[in-house]
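Per-entry structural report
The primary structure of each chain is shown beneath.
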Protein chains: 2
Amino acid sequence: MGEWLPSTTYALLGLLDFFDELSGYELRKAAEGSLRFFFWSPAQSSIYAEMRRASAAGLVTSRVVPGTDAPDKRLYRITDEGRDQLRRWLEDAPIEPMVVKHAVALRVFFGHLARPERLRALLEDHAKATEALLTGLGEVRAGLAGDDRFRYPDLVGEWGERYYRGDLEGTEALLERLTDRGQGQEQEQEGPG
Amino acid sequence: MGEWLPSTTYALLGLLDFFDELSGYELRKAAEGSLRFFFWSPAQSSIYAEMRRASAAGLVTSRVVPGTDAPDKRLYRITDEGRDQLRRWLEDAPIEPMVVKHAVALRVFFGHLARPERLRALLEDHAKATEALLTGLGEVRAGLAGDDRFRYPDLVGEWGERYYRGDLEGTEALLERLTDRGQGQEQEQEGPG
């Protein structure tokens, strides 16, 4: 095995390692509460595809638990081999360059061609989305608090808070600058409220 | 035309709009000094492919300037139609979700399986890379200063500084926490320096 699996495979193996066993649905929920802040939240279908591949490679095992009132469900568990591969990835795999694709920043870059009201709306929406993300991150961290098993996820969550606060502060500072330059047009005659 | 072109096409059209005309090489240099901080820095080959497509769609024109001591070069210029399409994209195109893929944060998440020295090294390298990126961004902004044509790129640069400082502060705080918990082992006997 000279080649590395996709990062998503290791991310899912790592999530499984925090728990005894998880269904595909639980794995997706765990990813949404963690990976989405700094990485990528895989779709349910791609989680099942990853688990099939990991199973074929001996990195996970699974068993089907018959449902009583609910449908049967398959539970996945990381194997010793899976854990070894995960450790090896952490130790030796090359670090992929960081990727940021910031659709709003890209548009502001060409702001001389946009209506000022459009720019403001984009920035205000982005600020709200970032605030919502920070709220979500705070809720996730509150759920991890005090559980030493999740010490590292909590540390990454703290990092994420600084990271996204930097984005939010930048967005707010930019909105202020656009207002200072008098780009925001007052709409004084909107009729009776 | 009910569909949108890839964001990269608009990004390159937008760069062309700042200048009279640019060669493919100059376009790549302009992208590296701007798009790479918040978006994506396209390869030279994909810039030529994008320009061929934009040319076929009437969004850019080009002319070949014969070289005297250097090879001939093709210069690209945005058309009025290209500028119209760019304005329409800024006004109406849906905003793609922000993408962050942070390879180091992903690994720290599973830090309980990694050697503490490996985690420290990853974080220290990431801090250095972020500092270098901030230095690069500062240099780009210094080059734009006072030129009103580049007012919006400069504002995005200021935003980027807050954004990446948030990342850097988070990285440094995390390194401190790992040290506080006594994970860093002193190496007192390394032999004579």
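Scroll up for the structure.
Below is a summary of the structure that appears in this document. No experiment lies behind these values; they were computed from the predicted model shown.

Looking now at the overall build of chain A. For chain A, the helix and strand inventory stands at 8 helices and 4 strands. Taken over C-alpha atoms, the radius of gyration comes to 22 Å for chain A, far larger than the 16 Å a tight globule of 193 residues would show. Along the first, second and third principal axes, the C-alpha set of chain A runs to 65 × 45 × 35 Å. Excluding contacts between residues fewer than 6 apart, the proportion of contacts in chain A whose partners are at least 24 apart in sequence is 60%. Accessible area of chain A: about 10,000 Å², with a carbon and sulfur share of 48%. In chain A, 25 side chains carry a positive charge and 33 a negative one; their mean positions are 3 Å apart.

For the rest of this paragraph, the subject is the sheet that holds strand β1 (residues 22-23) of chain A. What holds strands together in a sheet is hydrogen bonding between their backbones, with the strands either parallel or antiparallel. All names here are of chain A. If you walk across this open sheet you meet the 3 strands as β1-β3-β2, and the pairing is antiparallel. Because the sheet does not close on itself, it has two edges, and the strands there are β1 and β2 (60-65). Inspection of the sheet shows β1 paired to strand β3 (residues 73-78) by 2 bridges, in the antiparallel sense. Its bridge partner being in β3, L22 is matched across the sheet by Y76. Where helix α1 (residues 7-18) meets the sheet, its contacts fall on β1, β2 and β3, and the angle it forms with β3 comes to roughly 95 degrees.

We now examine the interface of chain B and chain A. Taken together, the contact pairs 69 residues of chain B with 69 residues of chain A. With both chains or domains summed, chain B and chain A bury close to 6,900 Å², and 66% of this area falls on carbon and sulfur atoms. Looking only at chain B, the three residues that lose the most surface to chain A are F109, L113 and W159 of chain B, adding up to 12% of its buried area. Seen at the junction of chain B and chain A, the total is 6 salt bridges. When the shortest N-O distance is used, the salt bridge between R115 of chain A and E91 of chain B registers 2.5 Å. One can count 27 residue pairs in polar contact (both at pLDDT 80 or more) joining chain B with chain A. Counting residues per element, the ones that place at least two in the side of chain B that touches chain A are α1 (7-18), α3 (35-38), α5 (80-92), β4 (99-101), α6 (103-109), α7 (116-144) and α8 (151-180) of chain B. The element best represented in the side of chain B that touches chain A is α8 of chain B, accounting for 19 residues. For the side of chain B that touches chain A, the per-class residue count stands at 40 nonpolar, 11 polar and 18 charged.

What follows is about the nonpolar core. With 102 residues, the main nonpolar core has L15, V108 and F110 of chain A together with L15 and V108 of chain B as its most contacted residues. If we ignore the near neighbours within four places in the chain, the residues touching L15 of chain B are F109 and F110 of chain A together with L22, L27, A30, A31, S34 and L35 of chain B.

This paragraph deals with helix α7 (residues 116-144) of chain A. Its 29 residues give α7 of chain A an end-to-end C-alpha distance of 42 Å, which sits within 8% of 42 Å, the value for a rise of 1.5 Å per residue. Inspection of α7 of chain A places R118, L119, L122, L123, H126, A127, T130, L134, G136, L137, R141 and L144 of chain A among the buried residues, and these make up the whole buried set. Looking at the buried positions of α7 of chain A, the neighbouring elements they touch are α3 (35-38), α6 (103-109) and α8 (151-180) of chain A together with α5 and α8 of chain B.

Let's shift gears to the sheet that holds strand β1 (residues 22-23) of chain B. All names here are of chain B. Strand order in the open sheet formed by 3 strands is β1-β3-β2, with antiparallel pairing between adjacent strands. Where the open sheet ends on each side, the last strands, each with one partner, are β1 and β2 (60-65). In this fold α1 packs onto β1, β2 and β3 (73-78), with an angle of close to 95 degrees to the strand it touches most, β3.

Turning next to the packing of helix α2 (residues 24-32) of chain B against helix α4 (residues 44-56) of chain B. All names here are of chain B. Packing of α2 against α4 leaves a shortest axis separation of 10 Å and a crossing angle of 115 degrees. Crossing of α2 against α4: the hand is right-handed. In this structure, α2 contributes G24, Y25, L27 and R28 to the contact, and α4 contributes Q44, I47, Y48 and M51. When grouped by side-chain class, the residues that make up the contact of α2 with α4 number 5 nonpolar, 2 polar and 1 charged.

Moving on, we get to a negative patch on the surface. Residues E131, E169, E172, E176 and D180 of chain A together with E131, E169, E172, E176 and D180 of chain B make up a contiguous surface patch of negative charge. Listed by contribution, the elements that provide at least two residues to the negative patch are α8 of chain A together with α8 of chain B.

All names here are of chain B. For α1, which comprises 12 residues, the first-to-last C-alpha distance of 17 Å matches the rise-based estimate of 16 Å (1.5 Å per residue) to within 8%. The buried fraction of α1 is high, at 12 of 12 residues. Those residues of α1 lying buried are S7, T8, T9, Y10, A11, L12, L13, G14, L15, L16, D17 and F18.

The subject of this paragraph is the relation of the copies chain B and chain A. Two chain copies, one operation linking them: a rotation about an axis together with a shift along it. Once chain B is rotated about the relating axis by 180 degrees and shifted along it by 0.0 Å, it coincides with chain A to within an RMSD of 0.0 Å. The two molecules are tied by a two-fold rotation axis, judged by turn and shift. Interface overlap between copies is the fraction of interface residues in one copy that are interface residues in the other; for chain B against chain A it reaches 100%, indicating a shared surface.

Residues and elements named next belong to chain A. Within the secondary structure, T179 sits in helix α8. Sequence separation of T179 and R120 is 59 residues, and the distance between their C-alpha atoms is 9.1 Å. At 2.7 Å, the side chain of T179 and the side chain of R120 are in polar contact.

Calculation rules
- Residues numbered from 1 in each chain as written.
- Chains lettered and ligands numbered in written order.
- Predicted model: local features only at pLDDT ≥ 70, side-chain atom pairs only at ≥ 80, totals over all residues.
- Heavy atoms only, no water.
- Helix = DSSP H or I, 4+ residues; strand = E, 2+ residues; numbered from the N terminus.
- Rg over C-alpha atoms; globule rule 2.2 N^0.38 Å.
- Contact = heavy atoms within 4.5 Å.
- Areas by Shrake-Rupley, 256 points an atom, 1.4 Å probe, with all protein chains shown as cover.
- Lys, Arg positive; Asp, Glu negative; His and termini not counted.
- Charge placed at Lys NZ, Arg CZ, Asp CG, Glu CD.
- Pairing = 2+ DSSP bridges.
- Axes fitted to C-alpha atoms, helices over the stretch in contact; angles between N-to-C directions.
- Buried area = accessible area lost by both parts, 1.4 Å probe.
- Salt bridge = Lys/Arg side-chain N within 4 Å of Asp/Glu carboxyl O.
- Polar contact = N/O pair within 3.5 Å; in protein donor to acceptor, adjacent residues only side chain to side chain.
- Nonpolar A, V, L, I, M, F, W, Y, C, P; charged D, E, K, R; others polar.
- Core = buried A, V, L, I, M, F, W, Y, C linked by side-chain atoms within 4.5 Å.
- Buried < 20%, exposed > 50% of the residue type's maximum accessible area, 1.4 Å probe, protein only.
- Expected span 1.5 Å × (residues − 1).
- Left-handed = near helix turned anticlockwise from the far one by under 90°.
- Patch = residues over 30% accessible without salt bridge, like charges linked within 9 Å, V, L, I, M, F, W, Y side chains within 5 Å.
- Least-squares fit on C-alpha atoms with pLDDT ≥ 70 in both.

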